[in-house]
Amino acid sequence: MHLAQLNIAHLRAPIDSTELAEFVALLEPINAIADEAPGFVWRLKESETDPTATVVHDYGDHLLVNFSVWESLDTLWNYAYRSAHLGVLRRRREWFQRTMEPYMVMWWVPEGYIPSLAEAMARLEYLKAHGPSSEAFTFKDSYGSSEAVSLPAAAEARK
């Protein structure tokens, strides 16, 4: 099984605004780190030629979507919290509105299967409505994996 993950963020300003210029400049190098990370399988891209292009979707103009598939929980964890991605993650409040509801969801998919964005959004809604389960979970409450996750590193990442 592979791990699908979706995370969303509500932008503080339009993606082409000066307020988000530094974030947009970081998209190419951070996405390149993800693409080359051990365990990376796939991510949803808007453009194969423009690494700063964000995914266009029907869920609202100010909603940024990050959707990918990884070989395991551990490989996603290592990318998210043990690479240069962590530095960008720590600055998220500069660019994104704070939300009180879940903004990230993970679930297991058969190896070779690429879920749709609609499926990913439905999993996030399921997590919001029902809480974590084998159908939709987070790093804190993962299901179906025997891999250990280092919660102190996650707690550090949330600062």
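The preceding data block contains the structure.
*Asks:* I'd like a rundown of the packing of aromatic side chains, residues and numbers included.
*Replies:* Tallied over the full model, the rule gives ten aromatic pairs. Centroid distance Phe-67 to Trp-107: 6.3 Å. Interplanar angle 25°. Geometry classified as stacked. Linking Phe-67 in strand 3 (residues 63–70) with Trp-107 in strand 4 (residues 104–109), this pair joins segments that are 40 residues apart in sequence. Judged by relative accessible area, Phe-67 falls into the buried class, the value being 2%. We classify Trp-107 as buried; its relative accessible area is 0%. Pairwise contacts between aromatic rings join Phe-23, Trp-95 and Phe-96 into one cluster.

*Asks:* Please set out the sheet that holds strand 1 (residues 2–10) residue by residue, giving values where relevant.
*Replies:* The strand order across the open sheet formed by four strands is 2-3-1-4, and the pairing between neighbours is antiparallel. Both edges of this open sheet fall to strand 2 (40–43) and strand 4, since each of them pairs with a single strand only. Taken pair by pair, the neighbouring strands of this sheet meet at an average axis angle of 20°, ignoring direction. Taken strand by strand, helix 1 (residues 21–36) contacts strand 2 and strand 3, and its axis lies near 140° from that of strand 2.

*Asks:* Let's hear about helix 5 (residues 117–130): which residues, and what values?
*Replies:* The first and last C-alpha atoms of helix 5 sit 20 Å apart over 14 residues, in line with the 20 Å expected at 1.5 Å per residue. Along helix 5, the residues that are buried comprise Leu-117, Ala-120, Met-121, Arg-123, Leu-124 and Leu-127. All buried residues of helix 5 fall inside an arc of 155° around its axis, so they share one side. In helix 5, the exposed positions that point more than 90 degrees away from the buried face belong to Ala-129 and His-130. A positive phi of about 80° marks Gly-131, the residue just after helix 5.

*Asks:* Hey, could you go over the nonpolar core for me, with residue numbers and the actual values?
*Replies:* Judged by nonpolar contacts, the single largest core of 30 residues is most densely connected at Met-106 and Phe-139. Counting residues per element, this core draws most heavily on helix 2 (residues 73–81), which supplies six residues. With sequence-adjacent residues up to four places away left out, Met-106 is seen in contact with Leu-3, Ala-4, Gln-5, Leu-73, Leu-76, Glu-135, Ala-136, Phe-137, Thr-138 and Phe-139.

About the criteria used
Residues numbered from 1 in each chain as written. Predicted model: local features only at pLDDT ≥ 70, side-chain atom pairs only at ≥ 80, totals over all residues. Heavy atoms only, no water. Phe/Tyr/Trp six-rings, centres within 6.5 Å; stacked < 30°, edge-to-face > 60°. Helix = DSSP H or I, 4+ residues; strand = E, 2+ residues; numbered from the N terminus. Buried < 20%, exposed > 50% of the residue type's maximum accessible area, 1.4 Å probe, protein only. Pairing = 2+ DSSP bridges. Axes fitted to C-alpha atoms, helices over the stretch in contact; angles between N-to-C directions. Contact = heavy atoms within 4.5 Å. Expected span 1.5 Å × (residues − 1). Arc of directions from axis to C-beta. Core = buried A, V, L, I, M, F, W, Y, C linked by side-chain atoms within 4.5 Å.

These values are about where atoms sit, not about what they do.
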